[in-house]
Amino acid sequence: MSVALDRQIRPIYDALDTGSHKSAITECNKVLKKHPKNALVKALKALALVRYQKVEEALVLCDEVLESKPTDDSTLNAMMHVLRGLGRHKDMITMYDAAYKKQPTNEELGAQTFFANVRASNWKSAQQVASKMYKQFQEDRYLYWNVMSNVLQANDHNTPVEMRTLLYKLALRLITSAPTPSSVHSDRFHLHLTILRELSEYDEAMTLLETPAGRNICETNLACNEIRRNLMRSRGALEDEGKRAEQRILEKGDRNWLEFLSVIDGTFASLPESKGGAHAGPSEDAKEQFSSKISNTLSLFTNISVQDGRKDRSSLLGLLELEHRARRHGVSTDSVRLLHLMKQYFEIFGDKACCFEDLKPYLNLEGNDLAAWTEVLQACPSFLSTVEAVQRTINSHKLSRYNLSAPELTVDAETSRAALYISQYLEGLPLGRDLPTTELQYVDDLAILAGSVFVNLWKMGGDIKYLYKAVVLLEFALSKSEQAFQIRLMLIRIYRLLGAPSVALEHYRLLRIKQVQNDTLSHFILSRCSTFSLAASGDLTLTSECLESSQIYVSNSQETNDYVIRAFSAEKYSQIPQFILFEDWLENSLQRDITKLEYLRMRITHEAISSDIIDLELIELKFVFDRLHHDNRDFEILPNYQPKNVEDFNTQTLLFGKSEGHGWVWSFLKSYIKVFSQASDLSDVVEEKLLVGDRPQISPKLGSLKERLARREKEEMAELTPDELSLISYTDALTEWLEPFHDHVRPPASVVLADVAKNTELKTGLPLRGVDITLSLNSHVKKEEETPPITDAPEDLIKFFENMKTRFEAAKNAGHLNEALHIATIVQEAFLLFVTETIRFKPASVVKIHKLGNLVAKFKPIRALGIAVLKEMTIALESMSTQEGTSERRREFVDACGFESSEIDHDSIMNIIKRVSDSRKKVEEGMAKGLSRICTTYEQ
C-alpha cells in the first residue's frame, strides 16, 4: 500500500473507532472514486454499513470482496469483522482457507484459518488445519490443537456415538506420539488425563498420575486434581482415595471438605448393592467389618474436631455425614449418636450463619429424636445482647421451623411466631446501628422469617392482609439494611402478587443486575410480565426491560468465541470445554426464549401487525423451536425457611402458582409458529434464499417441523394456567379452520422472491443475486385448483370469548386483580392472533380472485364479539382504577396491616400502601387504555 493511499484510509479507521459510521461510509466513497477496485476500502465500507444497519448494501460489497479472494492481513481482518457481524462464519472459513492455500508458509494465516473454524464450531476442519500446521511448522502446540479439536468433535452432540470412541483413540495416539511428554504443561496433562478417562484407560492414567511430575501437577493444579478424583472414582478405587485423603488431612493439615468426603466414600466403598441400585441389607460379617471401618473413621474425625475446635467445622460435619450414611445403610451402632452430634454442632457453631444450611440435610427426624432435638432448640437462650446470641437465636428459629408438623401450622400459631420474630428483630436491631450502609444488619434473617410466616398465612387462608403485613415489615427491614438482596427479592415476588408491578420493577433495578445475572435472575421480574404490560397504551417499560436483559445473549454470541480462541493461543485446554459449555448454555437458555416470547406478546399489542413483523418473528421463532433448552434460572437464591411439609417460598409466591418452563415455551412457540406460518408468504425455499448468516444446526432428534407443531404433550400443558390452556385450544381451532384457505391463497415462492428482489434493487440500486425478477406480486396469481369448501367457524372461537368474559367478571367481583389482568391480556392476545390470521384476507382483490367472500363474512361476528368483550373489560378496569386510589381504600389496607410500633409508624405504612395502590391504579388504567386503543385500531 502506498503512503498516499495509507493517508487516505487513515480517516476511515478513525471514524470506525469513534463509532462515526456515516462519516466512515463518506470517507470510503471518496477513496473508492479514485480506487474503485480496492478490496480493503470495500471491506471497510461493508463494515461501516453493517454497523450502520444497512445490511442489504453491505451484502453486495461483502460478496464482491469475497470473490476477489483477498490475502493481505488488513483486508482479511476487516472482512472477518464484517462476516462476524453478518453471522456468516462459513464464508469466513472459506475466505481464510483460500488465503492459506495461496500462502501455505504463512503461519499467521494458518492460525487464523484454524480460529475461523473454531468460531463456527467446525471441529473436523479445525483438526485438519491444525494437522497441516503441525506438519508444516513442527510446533508442539499445533499438535495439541489437533488433539483438542478431536476431543471437541467427539463431545459434539451431532457426532455419531460410534465415531466418538474412534476420535478419542485418534487423540490418544497423537498425544502419545508427541516429542515431549504431556506432563511438561499442566493443561496438556489435563487433556491427556481427560482422553484416558473417556476411553476408560484407568491403568494408564494411574501410571501418569504416579509419576513425580504427575503428582506435582495434581498438588498445584485444581483442575488436574479434580480429574484425578474422578478417575479414582470411575476406577472403583475409593478406598485408596480415602487413604490418600486421610494422609493429606493428617500430614498436611488439609481441611478441604472434598478430602473428608473421600474418606467417608472410602469407608463405605465395599458396601454391596442390590440390582435396583439400592444398598442391600448387610450380613452380620459385613456389619462387623463396616463397624470396624466406621470406628476408625469416627476416631479420626473425632480427634481432628477436638484439635480444630471452633477453627474449622469440616471434621464435625464429617462426623454427621458419616453417621447419616451409616444409618441409611443400616450399619449404625448407636441410635442417639446423630442427635448427639447435631447438638454438639449447634453448641459449637450455632452462632455461625452457615449453621442451618449445614444441618439441614440431617433434619429429617421423627418420633423421640425429633422431640429431643426440639427440646435442645427450645433450651436455647433468647437474649439478644450480642451478635453471637442473635445468630444463635436465628438458627434455633430456622431449625425449629423446618420440622413443624401440620397441627402446629395453625393461623394462631403462625401469627404468634410472626409476632415473636418481629419483636426479636426490633430488639436486636440496635446492635447494628453503627454498621456502614454497605453491611447487612445482624437481625435481617428475623425479618425474613417473619415475612415467610406472613406469606404462609396468606397461602393458608388467602387473606391478602398478610401480604401487606409482609411488605410493610420487609420494606422497613430494607430501609435499615439497603444491601439485603434476599429481602429485595422477596419484595419483588410479593409486590407482583399484589398487582404492583412498577414497585417490583423499582426493587429489581436496585439490585443492579449485570452480565450473566440477566439470564439467571431476570425471571423474577419478566416471568409472565405481559400480564402487567402497558405496551398497548404506549408504555414500553417492560418491553425495554426485555431488550436490556437480552443483551447478554448478544454479548455471548460475539465474545465467548474470542475467549475460546484466547484459550487455544495460551494453551489453556482445561478451560476450552467450559467456555464452549457456557456459550451453549447461554445460547440455548430457557430464560432467553421465555423473555423472547413475552416480548413478542407485548410487541404485537404496541406495533401494527404487518407482514414485516410476521416474517421476521416467524424466522426467529423457528430458530428458537430448534433449540434444546437449558434452564439456567436461579431459584435457590430466594430464601426459604418454610416447614418441610409445605410448599417452599418460591412455589408459594409464583404468579398464578405456575412456573414458566420448557412446556410453557413449547406450547406458545407452537401456537405462534402456526399462526405466523399461515399468515406469512415465507416458505422454506424463500427463507433459505433470503437468510443472512449461517443457519443454526438442528439436532436430528427433534424431527420435522410439521410433526412437532402437531404434538401437544400433557407435560407441556401442565405448566399453563387455565386461561392459557383456553388460549392454546382457541389457537389450535383457529389455525385448523383457516389452514386450507391460507395454503390456497399463498403465492408461489418464485413470485415472493421476485418481489423481494425488486424491492432490494429499488433500495440499493443493485439486483439480488440468483433471483428472477420477471415475476411480481403486483398482480395476484389465480390458482387453477378449486377454492376449498367454505366451512362455519368452530364453536370454540365463539365460546372462548364468552367463557373468558364470564371468568373476568368472576375475578373482578372476587377482587383478584392479577387474575383479571391475566384474563384481559389473554383475550387481547387471542383477538390479535385472530387479526394476524385474517390479515391475508383483508384486500378486496384477494377475496374477489379466490372467491372467499363467504369466508370473510364469517370473520365479522367473531371480530365483533372479540371487540365487544374487550370494550366491556375496558369499562370494568376503568371502574376498578377509580376505586383503587381512594383514601378509604388505603385506610382499609392500613387497618389490615394491624401493627405499628415506635419504629414502624403510621406514615411509613401509609407511604407503602400509597405506592402499592398507585401501582395497581396505573396498571388498571393503562390496561384499559390499551384495550380501548386495540379496539379502535382493529374495529374495521
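Residues numbered from 1 in each chain as written. Predicted model: local features only at pLDDT ≥ 70, side-chain atom pairs only at ≥ 80, totals over all residues. Heavy atoms only, no water.

1. Thoughts on the overall build of the protein
Assigned secondary structure in the protein consists of 47 helices and zero strands. With respect to the principal axes defined by its C-alpha atoms, the protein has extents near 90 × 85 × 60 Å. Taken over 940 residues, the protein has a buried fraction of 51%. Within the protein, contacts between residues separated by at least 24 positions form 73% of all contacts whose residues are at least 6 apart in sequence. Here the protein displays about 42,700 Å² of accessible surface, and carbon together with sulfur accounts for 51% of that area. For the protein, the distance from the average position of its 115 positive side-chain charges to the average position of its 132 negative side-chain charges is 4 Å. (Helix = DSSP H or I, 4+ residues; strand = E, 2+ residues; numbered from the N terminus. Buried < 20%, exposed > 50% of the residue type's maximum accessible area, 1.4 Å probe, protein only. Contact = heavy atoms within 4.5 Å. Areas by Shrake-Rupley, 256 points an atom, 1.4 Å probe, with all protein chains shown as cover. Lys, Arg positive; Asp, Glu negative; His and termini not counted. Charge placed at Lys NZ, Arg CZ, Asp CG, Glu CD.)

2. Section: the confidence of the model for the protein
Taken as a whole, the protein shows an average pLDDT of 89; of its residues, 93% reach a score of 70 or greater. A low-confidence stretch, residues 274–279 stays under pLDDT 50, and its non-local contacts, those more than four residues away or across chains, total six contacts. (pLDDT = per-residue confidence, 0-100.)

3. Regarding helix α19 (residues 337–349)
An ideal rise of 1.5 Å per residue puts 18 Å on 13 residues; α19 measures up with 18 Å between its terminal C-alpha atoms. What α19 keeps buried is the set R337, L338, L339, L341, M342, Y345, F346 and F349. (Expected span 1.5 Å × (residues − 1).)

4. Here's the deal with the nonpolar core
Where a protein is soluble and globular, its nonpolar side chains tend to be buried together. Grouped together as the largest cluster of nonpolar side chains are 186 residues, with contacts concentrated most on W373 and Y495. Sorting elements by how many residues they give to this core places helix α43 (residues 817–838) first, with 13 residues. Contact partners of Y495, with chain neighbours within four places excluded, come to V471, E475, A500, V503, A504, H507, I912, R915 and V916. Counting 88 residues, the second largest nonpolar core, distinct from the first, contains L5, C28, L44 and L47. (Core = buried A, V, L, I, M, F, W, Y, C linked by side-chain atoms within 4.5 Å.)

5. So, a nonpolar patch on the surface
Together, V387, L431 and Y442 make up an exposed nonpolar region whose accessible area comes to about 200 Å². Following the sequence through the fold, L431 ends up in the loop between α23 (411–428) and α24 (444–461). Residue classification places L431 among the partly exposed residues on the basis of a relative accessible area of 31%. (Patch = residues over 30% accessible without salt bridge, like charges linked within 9 Å, V, L, I, M, F, W, Y side chains within 5 Å. Salt bridge = Lys/Arg side-chain N within 4 Å of Asp/Glu carboxyl O.)

6. Thoughts on the packing of helix α40 (residues 722–745) against helix α45 (residues 853–884)
With their axes 13 Å apart at the nearest point, α40 and α45 run at an angle of 145 degrees to one another. The hand of the α40/α45 crossing is left-handed. Residue-level contacts link W737, L738 and F741 of α40 to L855, K858, F859 and I862 of α45. For the contact of α40 with α45, the residue count by class is six nonpolar, no polar and one charged. (Axes fitted to C-alpha atoms, helices over the stretch in contact; angles between N-to-C directions. Left-handed = near helix turned anticlockwise from the far one by under 90°. Nonpolar A, V, L, I, M, F, W, Y, C, P; charged D, E, K, R; others polar.)

7. Quick notes on the state of the cysteines
In total, this model carries zero disulfides according to the counting rule given. Unpaired in terms of disulfides, C355 finds its nearest cysteine sulfur in C354, a separation of 6.9 Å. In this structure C355 comes out as buried when scored by relative accessible area, which is 0%. (Disulfide = S-S within 2.5 Å.)

8. Topic: the packing of aromatic side chains
Scanning all chains against the criterion turns up 26 aromatic pairs. Taken together, a centroid distance of 4.6 Å and an interplanar angle of 35 degrees make the contact between Y730 and F800 tilted. You can see Y730 sitting in helix α40 and its partner F800 sitting in helix α42 (residues 795–813), a full 70 residues away along the chain. With a centroid separation of 5.8 Å and 90 degrees between ring planes, the pair formed by W737 and F859 is classed as edge-to-face. Taken together, the residues W737 in helix α40 and F859 in helix α45 connect sequence positions 122 residues apart. (Phe/Tyr/Trp six-rings, centres within 6.5 Å; stacked < 30°, edge-to-face > 60°.)

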